[in-house]
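The primary structure of each chain is shown beneath.
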2 protein chains.
Amino acid sequence: MKPYVIGLDLGGTNSVFGIVDSRGEIKATTAIKTQGYDKVEDYVDACVEALQVIIDQVGGIEKIKAMGIGAPNGNFYNGTIEFAPNLAWAHNGVVPLAKLFSERLNDIPVGLTNDANAAAIGEMIYGVARGMKNFIVITLGTGVGSGIVVNGQLLYGSDGFAGELGHVTMVREGGRTCGCGRTGCLEAYCSATGVARTARELLATTQEPSLLREMDPEKITSLDVSIAAGKGDRLAKEIYEFTGHMLGEACADFAAFSSPEAFIFFGGMTKAGNLIMDPIKRSYDEHVLKVFKGKAKFLVSGLDGASAAVLGASAIGWEL
Amino acid sequence: MKPYVIGLDLGGTNSVFGIVDSRGEIKATTAIKTQGYDKVEDYVDACVEALQVIIDQVGGIEKIKAMGIGAPNGNFYNGTIEFAPNLAWAHNGVVPLAKLFSERLNDIPVGLTNDANAAAIGEMIYGVARGMKNFIVITLGTGVGSGIVVNGQLLYGSDGFAGELGHVTMVREGGRTCGCGRTGCLEAYCSATGVARTARELLATTQEPSLLREMDPEKITSLDVSIAAGKGDRLAKEIYEFTGHMLGEACADFAAFSSPEAFIFFGGMTKAGNLIMDPIKRSYDEHVLKVFKGKAKFLVSGLDGASAAVLGASAIGWEL
């Protein structure tokens, strides 16, 4: 029995690798910059060069069972990255990244999916969803992503792209424009950028005093809102109230779909703790269909923040 | 190998039984009134008495593999009917109907689920979803129901009640009240009663001439709208346009959830054909996330209308 899997958290800026054991302990780690490669082959060459060092540290490729990759626009069925706007070597086509890594790593199985799905598998194998068969992970980062587990299996749908809950429509008239080209998406309100936008809107439309007024509105980030709220700033709290309220409404609709045992929130914004979780729960209770009331748990990711994405990606390896 | 299953379509008014073979052919059928029994035991007695006749017709209980029941508020996990408002013997509690039937029928396995889930299994086994692993059945009747199939399995969720897509919120401010006690639900607009309500609203708020103006507004049904539309009535067509538009918007959100291969519409309202299906498809294309565009099929149920519900219920029997 081979004791390790490789996890790759492939982000727009950094590509972080970890070699992980079955208990979720990271035995070795390394990273390269994602940018600077025009051709995917050059990117994979650079990855394998960095990887080789940590593979040797754990005793060679014979110790590695598989590799899992969490990547934007990752398609699990095909092992491809498809039209990823932020990746120079994949923004304009379909790249068979899993196959390319497998060929360079002794033909070990390589699985690939998007980051939110990787987070969901990570929670199921190492995190707070251990033992759960039906749950939804919602990632609150630059965007809003989701990984849906149903009957103990990740929901990939007919084409590998299921679980895009950041793009359900929450505001049908006059909604904010979203990065996807549509309007009113959950992501346009509840991502980190959405929160910053809510801050700017509230600063412009109310007179309420706030620490945030001391900043250039265009430079406000969700972290600034979090810091201000932590200091008791009322406007900042209102921003979380608004964000949580919409997330709770969305979760009420998601319950009507898959009736999960738990909603698990993942990503930077969860650091705001009860400031965001309390309004989510309150709004969910207010909006959910009676038959589901009081059933679902609302949890924050159980994966260690810094390495959560690598752990999630590595978890795909155990499932192959 | 036992060649038959029993299907029971348990409705608020009638309980219709069929004995069905593996190709979906109904070999014998009977029915009793659902009402008139205060205790569930009396209802089951009356059912078994009627059933015995058709069981004998096909050669006795030894020929029967299992029984499937499609019923309001049916819980597959527990084989129970829970708090069904329209059933005198189950409106106020949890009734173990599957167990009661099994005990009276030589201990054959008995499965039970709600009518929309039964329809979905029926489509998968006998209908247009044969061979599909990911699809959503949407039932357009007095209410709007749904049965969601994911990875070839019906989605029951953590508690057996997943797939209540009639109760996703489509109108968040000033939405119509819904039978569920909330407002703005899909069902409040796109069920048969929702369509009649749209008719009354349009008649009251526009001056457009219409055949529907010859009727008492309070008595208009979705069938009247369908007949008028069939005669080219412009207002009636507008009603379908509005209904289909909202269904298409809802399906676009459902695609973001489970990315199904097909949406299959079931129930009386589908008789309107392209009048309802065309606006659904148009609105879906307009609203769905780019990655899903042009992928999903929009189909009308392939089950014979009169016996579709019995076939759906019977199909549960093959899955046990």
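Residues numbered from 1 in each chain as written. Chains lettered and ligands numbered in written order. Predicted model: local features only at pLDDT ≥ 70, side-chain atom pairs only at ≥ 80, totals over all residues. Heavy atoms only, no water.

A.B. asks: Can you help me understand the interface of chain B and chain A in this one?
C.D. replies: Often the size quoted for an interface is simply the accessible area lost on bringing the parts together. Between chain B and chain A, the contact holds 39 residues from the first and 39 residues from the second. Of the roughly 3200 Å² buried where chain B meets chain A, counting both sides, 54% is carbon and sulfur surface. It is Arg172, Phe257 and Leu289 of chain B that lose the most area in chain B upon contact with chain A, and together they represent 24% of the buried surface on that side. There are 6 salt bridges connecting chain B and chain A. Across the pair glutamate 249 of chain A and arginine 172 of chain B runs a salt bridge, and its minimum N-O distance is 2.9 Å. Taken together, chain B and chain A are joined by 24 residue pairs in polar contact (both at pLDDT 80 or more). Of all the elements in the fold, those that place two or more residues in the side of chain B that touches chain A are strand E10 (144–150), strand E11 (153–154) and helix H7 (234–258) of chain B. Tallying contributions element by element places H7 of chain B first for the side of chain B that touches chain A, with 6 residues. Considering only residue class, the side of chain B that touches chain A consists of 20 nonpolar, 11 polar and 8 charged. (Contact = heavy atoms within 4.5 Å. Buried area = accessible area lost by both parts, 1.4 Å probe. Salt bridge = Lys/Arg side-chain N within 4 Å of Asp/Glu carboxyl O. Polar contact = N/O pair within 3.5 Å; in protein donor to acceptor, adjacent residues only side chain to side chain. Helix = DSSP H or I, 4+ residues; strand = E, 2+ residues; numbered from the N terminus. Nonpolar A, V, L, I, M, F, W, Y, C, P; charged D, E, K, R; others polar.)

A.B. asks: Help me understand the pairing of strand E13 (residues 297–300) of chain A in this model?
C.D. replies: Along a regular strand, successive side chains alternate from one face of the sheet to the other. Residues and elements named next belong to chain A. As paired strands, strand E12 (residues 262–266) and E13 are joined by 4 bridges and run parallel to one another. In the strand pairing of E13, phenylalanine 263 is matched with phenylalanine 298. Handedness of the β-α-β unit built from E12, helix H8 (residues 274–287) and E13 comes out right-handed. (Pairing = 2+ DSSP bridges. Right-handed = clockwise from strand over helix to strand, strands pointing away.)

A.B. asks: Can you walk me through the environment of isoleucine 280 of chain B in this structure?
C.D. replies: Residue and element names in this part refer to chain B. With respect to the element layout, isoleucine 280 can be found in helix H8 (residues 274–287). Residues isoleucine 280 and aspartate 115, 165 residues apart in the sequence, show an inter-C-alpha distance of 23 Å. Leave out the neighbours within four places in its chain, and isoleucine 280 touches Gly244, Leu247, Gly248, Phe265 and Phe298.

A.B. asks: Explanation requested: the sheet that holds strand E6 (residues 80–82) of chain B in the structure shown.
C.D. replies: Within a sheet, neighbouring strands are paired by backbone hydrogen bonds and run either parallel or antiparallel to one another. Residues and elements named next belong to chain B. Reading across the sheet, the 3 strands line up as E5-E6-E7 and stay open at both edges, with antiparallel pairing between neighbours. Lying at the two open borders of the sheet, with one neighbouring strand each, are strand E5 (74–75) and strand E7 (94–95). Relative to E6, E5 runs antiparallel, the two sharing 2 bridges. Residue pairing for E6: glycine 74 is matched across the bridge by isoleucine 81.

A.B. asks: Just to check I follow, could you spell out the relation of the copies chain B and chain A for this structure?
C.D. replies: Both copies of the chain are related through a single rotation about an axis accompanied by a shift along the same axis. Overlaying chain B on chain A yields an RMSD of 0.1 Å, the required transformation being a rotation through 180° with an accompanying axial translation of 0.0 Å. In short, the pair behaves as if placed about a two-fold rotation axis. (Least-squares fit on C-alpha atoms with pLDDT ≥ 70 in both.)

A.B. asks: What's the story with the pattern of salt bridges in this structure? I'm lost.
C.D. replies: Pairs can form between side chains of opposite charge whenever their charged atoms are close. With the rule as written, the count across this model stands at 26 salt bridges over all chains. The partner of glutamate 208 of chain A in a salt bridge is arginine 234 of chain A, with the nearest N and O atoms 3.9 Å apart. Remark: arginine 234 of chain A occurs in helix H7 (residues 234–258) and glutamate 208 of chain A occurs in the loop between helix H5 (192–205) and helix H6 (222–230); sequence separation between them is 26 residues. The partner of arginine 23 of chain B in a salt bridge is glutamate 25 of chain B, with the nearest N and O atoms 3.5 Å apart. For glutamate 25 of chain B, a relative accessible area of 40% gives the class partly exposed. (Buried < 20%, exposed > 50% of the residue type's maximum accessible area, 1.4 Å probe, protein only.)

A.B. asks: Looking at this structure, how should I read the state of the cysteines?
C.D. replies: Two cysteines, two sulfur atoms, one covalent bond between them: this is a disulfide. Under the criterion given, the structure shown has 0 disulfides over all chains. Cysteine cysteine 180 of chain A is unpaired, with the sulfur of cysteine 185 of chain A as its nearest cysteine sulfur at 3.8 Å. (Disulfide = S-S within 2.5 Å.)

A.B. asks: Even after reading the chapter, I still don't get H8 of chain B, so can you show me in this structure?
C.D. replies: Helical geometry: 3.6 residues make up each α-helical turn, so side chains three or four residues apart lie on a common side. All names here are of chain B. Taking 1.5 Å of rise per residue, 14 residues should cover 20 Å, and H8 covers 19 Å from first to last C-alpha, within 8% of that figure. Among the residues making up H8, those that are buried are Ile276, Met277, Pro279, Ile280, Ser283 and Tyr284. Contacts made by the buried residues of H8 are with H7, strand E12 (262–266) and strand E13 (297–300). (Expected span 1.5 Å × (residues − 1).)

A.B. asks: I tried to follow the sheet that holds E13 of chain A on my own but got confused; where do I start?
C.D. replies: Residue and element names in this part refer to chain A. One open sheet accounts for 5 strands, arranged E11-E10-E9-E12-E13; its pairing is mixed. Looking along the sheet, the strands with just one partner apiece sit at the ends: strand E11 (153–154) and E13. Alignment of strand E9 (residues 135–140) against strand E10 (residues 144–150), held across 6 bridges, turns out to be antiparallel. Paired with isoleucine 138 across the strands is serine 146, a residue of E10. H7 rests against E9, E10, E12 and E13 of the sheet, and its axis sits at about 150° to E9. (Axes fitted to C-alpha atoms, helices over the stretch in contact; angles between N-to-C directions.)

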